[in-house]
Amino acid sequence: MSDRTILHVDMNCFYASVEMLHRPEMRHVPMAVGGDPQARHGIVLTANYPAKRQGVKTGMALWQARQVCPAIRFVPPRMELYLRFSRMAHEIYREYTDLWEPYGCDEAWLDVSDSCSLMGDGLTIARDISHRIKSELGLTASIGVSYNKIFAKLGSDYKKPDAVTTMGRKEYKSKAWKLPVQDLLYVGRSSAKKLRALGIRTIGDLAEADESILRSHMGKMGLVLHAFANGWDDSPVKKEYTYAPIQSIGNSTTTPRDLENDQDVKIILYVLAESVAARLRESGFICNVVEIGIRDNELHTITRQHKLDRATNITSEIAGEAYRIFQANYRWDKPIRSLSVRGADITVDHAYEQQELSYDFERRKKLEKADAAMDEIRRRFGYFSIQRGLMYQDPALSALDVKSSHIVHPQGYFG
């Protein structure tokens, strides 16, 4: 059986690159797509290469980015614009294969095995796709070509920007094994720290490590990473529009000012719960667990969750549960800087469940209708066309549309 031909396409500095198409004056100045620095919103989502060369990294808080690069200019994210370019890239991929799987809106795996007899080998196809992204979209991409998804992803990271890198069976040891172990997919900070404690610093070290030692220190994940380092990955590239179901839906926000009392928190939890509940309804899901995250103004974070008696996608039920969790777990030692709400343990809406005779079904039906009406009004006239009375207690805190500004994150590899 012959090897598959897998590509991983990663559009370089995607959000920043799209912005530079629309703001050509920023092409040669340090620039990052992030939140609103005046309102303290968010982190660096993408920086352009002039900013990266000065030490700006994805995930930095905006104030940290300004510390390392005082001349940096921030622009707020425009997700609809980025998603439009993402869809145009998908149209290009579709011409080569129906086996393409997005990894966020700027990356995708493509299985072009069945296309090689007509369109050339993987390297030829990758160069053609790279040329088309540049000429048709005005963007650049780094593309990895390999026989599995893990090494294809490693190939796209190997050289940036605007490069095509092969990572075949005869060359992966000379290319991949000398790289730092944290370059391997799913080796995060915590895993890298554990591996370094075992004397494992490169992907080659990991590939040749004793599996029993990896298992004893890292459990099954140690064996998974060992397999990845050796290229033992036969996971398929999923057919377009057949992605794995999500396990949770959540939103978080850094607030325009520190939260100082329960009323402040209640407003933000409702803002977040509205986003989570609306997205659950759009996807036809209900959640069995509500989770909240709390970060104080010294950046200490706690997360707490609780299983619901009845699965829901009703805004008031999710917000009410989030507020109960907050009151049971926070003692106001410090003001709060940011909050998150997540609906987890997701199931399909209207799935069978045991009913209780004492439950008030009429009240729930009214809540569902109210949410549906708000969804429709906001769809037609915008988010702020209808607001809950609670929001008028503090217009500054409630002036957040976290659903529209929600960032699309990569789908989990193990989905």
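Residues numbered from 1 in each chain as written. Predicted model: local features only at pLDDT ≥ 70, side-chain atom pairs only at ≥ 80, totals over all residues. Heavy atoms only, no water.

Caption draft 1: Expanded view of the packing of aromatic side chains. What the rule picks out here adds up to 11 aromatic pairs. When the centroid spacing of 5.8 Å and the interplanar angle of 70 degrees are considered together, the rings of phenylalanine 326 and tryptophan 332 count as edge-to-face. Relative accessible area serves as the criterion here: at 1%, phenylalanine 326 is assigned to the buried category. Given the relative accessible area of 26%, tryptophan 332 is considered partly exposed. Ring plane angle 85 degrees and centroid distance 5.4 Å describe the contact between tyrosine 330 and tryptophan 332, whose orientation is recorded as edge-to-face. Just above the ring of tyrosine 49 sits the side chain of lysine 52; from NZ or CZ to the centre is 5.2 Å. The ring of tyrosine 147 carries arginine 169 above its face, with NZ or CZ at 4.0 Å from the centroid. (Phe/Tyr/Trp six-rings, centres within 6.5 Å; stacked < 30°, edge-to-face > 60°. Buried < 20%, exposed > 50% of the residue type's maximum accessible area, 1.4 Å probe, protein only. Lys NZ or Arg CZ within 6 Å of the ring centre and 35° of its normal.)

Caption draft 2: Local environment of unusual backbone geometry. With omega at -10 degrees, the peptide bond leading from lysine 160 into proline 161 counts as cis. With respect to the helices, strands and loops of the structure, proline 161 is situated in the loop between helix H7 (149–158) and strand E8 (164–167). Of note in this structure, cysteine 13 is not a glycine but carries a positive phi near 45 degrees. If you trace the backbone, cysteine 13 turns up in the loop between strand E1 (6–11) and helix H1 (14–22). We note that aspartate 345 has phi near 50 degrees; this positive angle belongs to a residue other than glycine. Structurally, aspartate 345 can be placed in strand E12 (residues 336–348). (Helix = DSSP H or I, 4+ residues; strand = E, 2+ residues; numbered from the N terminus.)

Caption draft 3: Local environment of the pattern of salt bridges. Per the counting criterion, the structure on display carries 26 salt bridges. Among the ionic pairs, glutamate 91 bridges to arginine 94, the shortest N-O distance being 2.5 Å. Linking glutamate 91 with arginine 94, this pair stays in helix H4 (residues 79–94), spanning three residues, or about one helical turn. When its relative accessible area of 25% is taken as the criterion, arginine 94 is described as partly exposed. A salt bridge links lysine 134 to aspartate 162; its shortest N-O distance comes to 2.7 Å. Of this pair, lysine 134 sits in helix H6 (residues 122–137) while aspartate 162 is found in the loop between H7 and E8, placing the two residues 28 residues apart along the sequence. (Salt bridge = Lys/Arg side-chain N within 4 Å of Asp/Glu carboxyl O.)

Caption draft 4: Structural view of the pairing of E1. The buried fraction of E1 is high, at six of six residues. Residue alternation in E1 divides its side chains into two sets, Ile6, His8 and Asp10 and Leu7, Val9 and Met11, and both sets are buried. Sheet analysis places E1 next to strand E6 (residues 107–111), joined by five bridges and oriented antiparallel. When the sheet's bridge partners are listed, histidine 8 is paired in E6 with tryptophan 109. When E1 meets strand E7 (residues 141–146), the two strands line up antiparallel, connected through six bridges. Looking at the pairing, aspartate 10 lines up with serine 142 of E7. (Pairing = 2+ DSSP bridges.)

Caption draft 5: The arrangement of the sheet that holds E1 in detail. The strand order across the open sheet built from five strands is E5-E6-E1-E7-E8, with neighbouring strands paired in mixed fashion. Pairing within the sheet leaves two strands with one partner each, and these edge strands are strand E5 (100–102) and E8. Pairwise comparison of adjacent strand axes, ignoring direction, gives a mean angle of 15 degrees for this sheet. Two elements, E5 and E6, share three bridges in a ladder whose sense is antiparallel. (Axes fitted to C-alpha atoms, helices over the stretch in contact; angles between N-to-C directions.)

Caption draft 6: Seen up close, the environment of glycine 144. Counting through the fold element by element, glycine 144 comes out in strand E7. C-alpha of glycine 144 to C-alpha of glycine 155: the two residues are 11 residues apart in sequence and 3.9 Å apart in space.

Caption draft 7: Structural detail: H6. Over its 16 residues, H6 runs 22 Å from end to end, which matches the ideal 22 Å to within 8%, given 1.5 Å per residue. Regarding H6, the residues found buried are Gly122, Ile125, Ala126, Ile129, Ser130, Arg132, Ile133 and Leu137. In a view along the axis of H6, the buried residues occupy a sector of 165 degrees, so they form one face of it. One or two positions beyond H6, positive phi appears at glycine 138, with a value near 75 degrees. (Expected span 1.5 Å × (residues − 1). Arc of directions from axis to C-beta.)

Caption draft 8: The arrangement of the side chain of glutamate 107 in detail. Within the secondary structure layout, glutamate 107 lies in strand E6. Among the polar contacts made by the side chain of glutamate 107, one reaches the side chain of histidine 8 at a distance of 3.0 Å. Once residues lying within four places of it in the same chain are set aside, the contact partners of glutamate 107 are His8, Val9, Asp10, Pro102 and Lys153. (Polar contact = N/O pair within 3.5 Å; in protein donor to acceptor, adjacent residues only side chain to side chain. Contact = heavy atoms within 4.5 Å.)

Caption draft 9: Quick peek at the nonpolar core. Grouped together as the largest cluster of nonpolar side chains are 36 residues, with contacts concentrated most on Leu7, Phe14, Tyr93, Leu110, Ile129 and Ile133. For this core, the elements supplying multiple residues, two or more each, are E1, H1, strand E2 (31–33), H4, E6, H6 and E7. Take this core: its biggest share by element is seven residues, from H4. Apart from residues lying up to four places away in sequence, leucine 7 is in contact with Ala108, Trp109, Leu110, Val112, Gly122, Ile125, Ala126, Ile129, Ile143, Gly144, Val145 and Ala152. The next biggest cluster of nonpolar side chains, apart from the first, holds 34 residues, and it includes Tyr270, Phe326, Leu339 and Val341. (Core = buried A, V, L, I, M, F, W, Y, C linked by side-chain atoms within 4.5 Å.)

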